[in-house]
Amino acid sequence: MSANGHGGMKLTLDIWRQKNASDPGRFVRYQVAANEHMSFLEMLDVLNQDLITKGEEPLAFDSDCREGICGMCGFVINGSPHGPTHGATVCQLHMRFFKDGDSLTLEPWRAKAFPILKDLVVNRAALDRIIQAGGYISTRTGSAPEANSILVPKESSDIAMEAAACIGCGACVAACPNASAHLFTSAKITHLGVLPQGQPERYTRVLDMMNQTTAEGFGHCTLMGECEAVCPGHVSLEVIPRMNADFFKGSLKKRDPKAVAGGA
Amino acid sequence: MSVTTKDAVIASGPSRLSLFWMSTVGKKVLMALSGIILFAYVVAHMLGNMQLYLGIELINGYARLLHLNQGFLWSARIVLLVAVGVHAIAGIELWINKREARPIPYRSKENIQATTASRTMILTGVIIAAFIVYHVLDLTVGVAHAGPYVHLEAAGNLITGFSHPLPVVLYIVAMIALGFHLWHGVYSMFGSLGLSHPRYTVGVKRLAALAATLIALGNISFPVAVLTGLVHG
Ligand code: HEM
Ligand code: FES
């Protein structure tokens, strides 16, 4: 049993502190008292109370739902995105996975495409721009369609649902030794690309989204699988070869849209 | 032929091929395609050399046969040169790009499932590239050969060369590097080409490991055979 008999623990935290995008940033060491019933983010809330009481600048980190569904939270703990348990967001991480006396290093997602805004908060707008580059899908909006008007094979709907588990947190980029966003983009491409509703724009979408991914400055995929190992949505690496196949086919099929519209 | 507005519009902007090359995905597809050519060559080259075990005359005859038709010889050489060029340039560009993609490294970064082979592709690739240059100068051109070099005396050149320690060490190190490169490369190639299905992934990984091991061991057997006197002049 630990020091105070209530599962209390003292932790040493080396945390990346950076005032703003232009500050070079550095690690600062903090001591914090926590107990095993807290969530990791609650432990940081305690640290922030301490800092505020002392008149210091509290630590900035992202979170919103704290239920593992919104994709807002995330930073790297001892070299692991979302922490050592793998396969869940950091807001789902509990202090019972740590013990008294542990030393932890907290770093933001590190990628050129994710500029640091402050401390552990990075700007993930690059992922939004990749989604935007995908454009529209030709599906009827308005009243709900008749259930059986578009038949979806069971296997396709399973693959689409598994890919749609991506919450866009960016842990795949953080984990990838190449800072690649392939798991994210491929998940989005897969969940539309395997459904009948996603067919009309299937090949232009994969080209547009992947070219945006390259343009944002993410790295390439070497299929090492670090991304799938940390993905809180358990998105499988298999979405990437699927995207590669569509990209290859799309590149072969591609017609210049301007030429067609010109209609000479 | 008159130029229509449509042709003019199509002609403006980068071509499909250069767009493909500019994308990280397209580059990997080209690496995989050139990797197939190089892999097929490595296998054929090793099997050809296996004739060393069937008799010195046989392998020398094989060497002469390959040189009989200069058109065939040079076509093969050009295909290989283009393949290795595309492969190496793409690999190096992607590596430079990924270094820029994470300007500030992590203080510590855990590896969860990335293999050593997959994390050292650029290193093993550069070793292979250096070895290819040395290997051609050693056994094809002859200028880097240890001992007397006789044109088209394939077996004799192997035996004189591998009687010296330095060529043996360089050769074995390069083949270990090739083994690691193919261990991950052959698996990754399928994924880059989009040929992947969860049911076969484990099998493809095993196949890649097996092929890589056999190729490394098969090639390493040649200097060992010379050193142990199994093959002699
Ligand atoms: C006998 C010669 C070679 C063979 C058979 C070979 C084979 C392969 C294969 C099959 C791949 C996997 C491609 C993919 O993931 O789609 C690969 C990847 C790679 N090769 Fe080679 N290769 C050879 C030589 C080289 C050379 C000379 C270099 C030069 C620098 C090189 C650098 C790389 C790199 C960096 C990768 C990883 C690509 C990535 O995923 O980032 N290889 N190689
Ligand atoms: S805060 Fe919503 S997923 Fe963690």
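Residues numbered from 1 in each chain as written. Chains lettered and ligands numbered in written order. Predicted model: local features only at pLDDT ≥ 70, side-chain atom pairs only at ≥ 80, totals over all residues. Heavy atoms only, no water.

## Comments concerning the site of ligand 1
- By nearness alone, 24 residues border ligand 1, and A:His220, A:Thr222, B:His87, B:His181 and B:Ser188 come closest of all.
- More than one chain reaches ligand 1: the nearby residues come from chains A and B.
- Contact distances for ligand 1 include 2.2 Å between an oxygen atom and a side-chain N or O atom of B:Ser188.
- Taking B:Ser192, its side chain carries an N or O atom lying 2.6 Å from an oxygen atom of ligand 1.
- For the shell around ligand 1, the secondary structure elements donating two or more residues are helix H3 (24-49), helix H5 (70-101), helix H7 (121-141) and helix H9 (165-192) of chain B.
- The element that contributes the greatest number of residues to the shell around ligand 1 is H3(B), accounting for seven residues.
- Looking at the shell around ligand 1, its residues break down into 13 nonpolar, ten polar and one charged. (Near = heavy atom within 4 Å. Polar contact = N/O pair within 3.5 Å; in protein donor to acceptor, adjacent residues only side chain to side chain. Helix = DSSP H or I, 4+ residues; strand = E, 2+ residues; numbered from the N terminus. Nonpolar A, V, L, I, M, F, W, Y, C, P; charged D, E, K, R; others polar.)

## Let's talk about the side chain of B:His184
- Along the polypeptide, B:His184 turns up in helix H9.
- Of the residues examined, B:His184 reaches a relative accessible area of 4% and is grouped as buried.
- Ignoring sequence-local partners within four residues, the contact set of B:His184 consists of A:Thr222, A:Leu223, B:Thr115, B:Ala117, B:Ser118 and B:Met121. (Buried < 20%, exposed > 50% of the residue type's maximum accessible area, 1.4 Å probe, protein only. Contact = heavy atoms within 4.5 Å.)

## Observations regarding the confidence of the model for chain B
- On average, residues of chain B carry a pLDDT of 93, and 94% of them reach 70 or more.
- Note that residues 1-10 of chain B has pLDDT below 50 and, in this model, eleven contacts with residues that lie over four places away or in other chains. (pLDDT = per-residue confidence, 0-100.)

## Side note on the environment of A:Ile137
All names here are of chain A.
- The topology assignment puts Ile137 in the loop between helix H2 (125-134) and helix H3 (154-163).
- As for Ile137 and Gln197, which are separated by 60 residues in sequence, their C-alpha atoms are 7.3 Å apart.
- Residues in contact with Ile137, not counting those within four places in the same chain, are Leu192, Gln197, Glu201 and Arg205.

## What to know about the domain arrangement of chain A
Residue and element names in this part refer to chain A.
- For chain A, the domain assignment lists domain 1 (9-118) and domain 2 (124-263).
- Distance from the C-alpha centre of domain 1 to the C-alpha centre of domain 2: 30 Å.
- The interface is formed by 19 residues belonging to domain 1 together with 20 residues belonging to domain 2.
- Around 1400 Å² of area is buried between domain 1 and domain 2 when both sides are counted, 66% of it from carbon and sulfur atoms.
- Looking only at domain 1, the three residues that lose the most surface to domain 2 are Gly87, Ala113 and Phe114, adding up to 36% of its buried area. (Domains from an automatic or database assignment. Buried area = accessible area lost by both parts, 1.4 Å probe.)

## Quick look at the packing of H3(A) against helix H5 (residues 182-193) of chain A
All names here are of chain A.
- H5 packs onto H3 with a crossing angle of 150° between their chain directions and a minimal axis gap of 8 Å. The pairing of H3 with H5 is recorded here as roughly antiparallel in orientation. When the axes of H3 and H5 are compared, the crossing they make is left-handed. Where H3 approaches H5, its residues Ile159, Ala160 and Ala163 are matched on the opposing element by Ala187, Thr190 and His191.
- For the contact of H3 with H5, the class distribution of residues is four nonpolar, two polar and no charged. (Axes fitted to C-alpha atoms, helices over the stretch in contact; angles between N-to-C directions. Parallel < 35°, antiparallel > 145°, perpendicular 65-115°, else oblique. Left-handed = near helix turned anticlockwise from the far one by under 90°.)

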